[in-house]
Every structure is written in structure tokens, then in C-alpha cells.
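So you can see what is in the structure, the chains are spelled out below.
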Amino acid sequence: AKTTIDGIKHVPSSGPVILVANHRSYFDVFAVAMMVAKTGRTVRFLGKKEVFDAPVIGPLATALGGIRVERGTGSDEPLQAATESLLAGDLVAIMPQGTIPRGPAFFDPELKGRWGAARLAAETKAPVIPVGIWGTEKVWPRNAKLPNITNIASPPQVIITVGAPVQL
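Notes on the structure in this doc start here. (Residues numbered from 1 in each chain as written. Predicted model: local features only at pLDDT ≥ 70, side-chain atom pairs only at ≥ 80, totals over all residues. Heavy atoms only, no water.)

### Side note on the overall build of the protein
Piece 1. A tally of helices and strands in the protein yields 6 helices and 7 strands.
Piece 2. Put simply, the protein has 168 residues, and 39% of those count as buried.
Piece 3. Counted over contacts in the protein with a minimum sequence separation of 6, partners at least 24 positions apart contribute 72%.
Piece 4. Accessible surface for the protein amounts to roughly 9500 Å². Of this, 60% is attributable to carbon and sulfur atoms. (Helix = DSSP H or I, 4+ residues; strand = E, 2+ residues; numbered from the N terminus. Buried < 20%, exposed > 50% of the residue type's maximum accessible area, 1.4 Å probe, protein only. Contact = heavy atoms within 4.5 Å. Areas by Shrake-Rupley, 256 points an atom, 1.4 Å probe, with all protein chains shown as cover.)

Shown next, in the form of C-alpha cells:
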């Protein structure tokens, strides 16, 4: 993919940070990881357990320090792990939508999220940095098991825009 990253200056060079991104594709994690790599920092992602159970991607997510979320269980463990990481000065990424929207909701400009990022911010006083992602659905469509390698000759444009910290 041809990637444009704008606003990276908004990511603090040290200390705890909560990155909050929209969710369009399975490629979003790679897009956010590419953006974070440009800061010289590392990031821990919160992700649904199904990602960790998947072949190839699962072991990679675990090796990269991913935090496993078992949706619907009400377990506080993932947020506790994220809180500990933030208190240690790490960068934690979360996609509050919790899933890639289906049908018309995919195009809804008003995103609906869960409260995990706000709770983490309240508990840790870490800044919340919004990250807008566009075009990743052309790299790895939601309904595909693997990225679309047929577009190598004409790679899609992926745009990542990092915003200023959100005041909660």
C-alpha cells in the first residue's frame, strides 16, 4: 500500500499514550504499527481473542505484546493489563468500535465506540490521541482471509491522520 501519515507530531515521544483508531479492516493494526514505528516507540494493541487464536496472525499478535480481549465476558483483565502498560509509560492502541462495522454502518460518519479508552484515560491520566484510518479496506477486505495481493501492481492509498489529544 502507498501510505500517507500526517500529524505524527501529536504522539508524545515518551510517557503513557492511548491511541484510539477507527476500524475499517484487518490491516488497521499494521497501519497503526507503521505509524507508531515512525515515532521510534512500540505499541501494545487490545484485540479480540479470535485474532490471537488465528494461525500466523495470532502468534505474531502475542509476540508483539498484544492484549487479548474476550468480548462478552465482562472480564476486567484486558483493561487491567492495559492500565499496567500505561502506568509503565507504554503506548496502548484500542479500536473502540470493537469490530469492523458491517453493511451501511461501515459508511456511517458517526462512529459508535465502547467506553474502554475513556476508562483507561480516567484511571491513568494518559492522553488520548485520535487516529483516523482510510483505505485499509482496499488492502485487506473484511470478508477476506488474507490481504488482497492482486493489487500489488497498483497499490491502494492508505491515509493515516493523527489528531491532537482529545480532552475528556
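### Section: unusual backbone geometry
Piece 1. Positive phi, close to 60°, is recorded for K125, a residue that is not glycine.
Piece 2. The exposure class of K125 is exposed, given its relative accessible area of 68%.

### Re the environment of T161
Piece 1. Mapped onto the elements of the fold, T161 is located in strand 7 (residues 157-162).
Piece 2. Placed 154 residues apart in sequence, T161 and G7 show a C-alpha to C-alpha distance of 5.9 Å.

### A look at the pattern of salt bridges
Piece 1. Across all of its chains, the model carries 1 salt bridge by this definition.
Piece 2. Among the ionic pairs, E123 bridges to R119, the shortest N-O distance being 3.1 Å. Taken together, the residues span about one helical turn, with E123 and R119 both in helix 5 (residues 116-124) at a distance of 4 residues.
Piece 3. The exposure class assigned to R119 is partly exposed, which follows from its relative accessible area of 26%. (Salt bridge = Lys/Arg side-chain N within 4 Å of Asp/Glu carboxyl O.)

### Things to note about the sheet that holds strand 3 (residues 43-48)
Piece 1. Taken together, 7 strands build an open sheet; the order of strands is 1-7-6-2-5-3-4 and the sheet is mixed. On the outer flanks of this sheet lie strand 1 (2-6) and strand 4 (67-69), each paired with one strand and no other. Within the sheet, the average angular offset between the axes of one strand and its neighbour, ignoring direction, is 20°.
Piece 2. With 5 bridges connecting them, strand 1 and strand 7 associate as parallel partners. By the bridge assignment, T4 is partnered in strand 7 with I159.
Piece 3. The strands that helix 4 (residues 77-87) touches are strand 2 (17-21), strand 3, strand 4 and strand 5 (91-94); relative to strand 4, the one it contacts most, it runs at about 155°. (Pairing = 2+ DSSP bridges. Axes fitted to C-alpha atoms, helices over the stretch in contact; angles between N-to-C directions.)

### Considerations on the side chain of H23
Piece 1. Positionally, H23 belongs in the loop between strand 2 and helix 1 (28-37).
Piece 2. Here H23 falls in the buried class, since its relative accessible area comes to 15%.

### Focus on helix 4
Piece 1. For helix 4, the set of buried residues is P78, L79, A82, T83, S85 and L86. Each buried residue of helix 4 sits inside an arc of 160° when the element is viewed along its axis, so together they form one side. Of the exposed residues in helix 4, those oriented more than 90 degrees away from the buried face are E77, E84 and L87.
Piece 2. Once helix 4 finishes, G89 follows within two positions and takes phi at roughly 90°, a positive value. (Arc of directions from axis to C-beta.)

### A look at helix 1
Think of an α-helix as 3.6 residues a turn; residues three or four steps apart then line up on the same face.
Piece 1. Every buried residue of helix 1 is accounted for by D28, A31, V32, M35 and V36. For helix 1, the angular spread of buried residues about the axis comes to 135°, placing them on one side.

### Brief notes about the environment of S13
Piece 1. Structurally, S13 can be placed in the loop between strand 1 and strand 2.
Piece 2. Look at S13 and you get exposed, because its relative accessible area is 65%.
Piece 3. Measuring from C-alpha to C-alpha, the distance between S13 and R41 comes to 7.5 Å, with 28 residues separating the pair along the chain.

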